[in-house]
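# Structural description and commentary
Each chain is listed here by its residues.
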Amino acid sequence: DTWVTEDNLRKLFPDHIVRAVVLLTRPGTMTYRMSIELIAAAGGIAGKLARWVKIADIMDHVRDMQPNHTLFKRYQWAAGVLRLVDQGDRPPRREQ
């Protein structure tokens, strides 16, 4: 929660950064699942950046979390969805 608005950010940062921040900002009316699906569906550099940031955020949350923690499966699902989206962006591995 901050007093900084999207307009404030637009004065300081490039469009793709602002769009990534907007994607990562979940309104109180949006469920976690909806938020992850929105980030997963986002295109362009902003979508990719938002996915990378969200995956890093999730990995930070689960780093010391026990697998039986109530949020573990939710985070595991979210990271899987976000990683799956970006798999198509990697060049195919060459067979040797």
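Residues numbered from 1 in each chain as written. Predicted model: local features only at pLDDT ≥ 70, side-chain atom pairs only at ≥ 80, totals over all residues. Heavy atoms only, no water.

## Observations concerning the pattern of salt bridges
In the structure shown here, the tally under the stated rule is seven salt bridges. What emerges from the salt-bridge pattern is a single network uniting Glu6, Arg10, Asp15 and Arg19. (Salt bridge = Lys/Arg side-chain N within 4 Å of Asp/Glu carboxyl O.)

## Overview of the packing of aromatic side chains
Each aromatic ring pair is summarised here by two numbers: the centre-to-centre distance and the angle between the ring planes. Per the counting criterion, the structure on display carries one aromatic pair. Taking 6.1 Å as the distance between ring centres and 75 degrees as the angle between the ring planes, the aromatic pair formed by Tyr32 and Tyr75 counts as edge-to-face. Separated by 43 residues along the polypeptide, Tyr32 in helix α3 (residues 32–41) and Tyr75 in helix α5 (residues 72–87) bring together distant segments of the chain. With a relative accessible area of 8%, Tyr32 lands in the buried category. Overall, the relative accessible area of 10% leaves Tyr75 in the buried class. Taking the ring centre of Tyr32 as reference, the NZ or CZ of Arg74 above it sits at 3.9 Å. (Phe/Tyr/Trp six-rings, centres within 6.5 Å; stacked < 30°, edge-to-face > 60°. Helix = DSSP H or I, 4+ residues; strand = E, 2+ residues; numbered from the N terminus. Buried < 20%, exposed > 50% of the residue type's maximum accessible area, 1.4 Å probe, protein only. Lys NZ or Arg CZ within 6 Å of the ring centre and 35° of its normal.)

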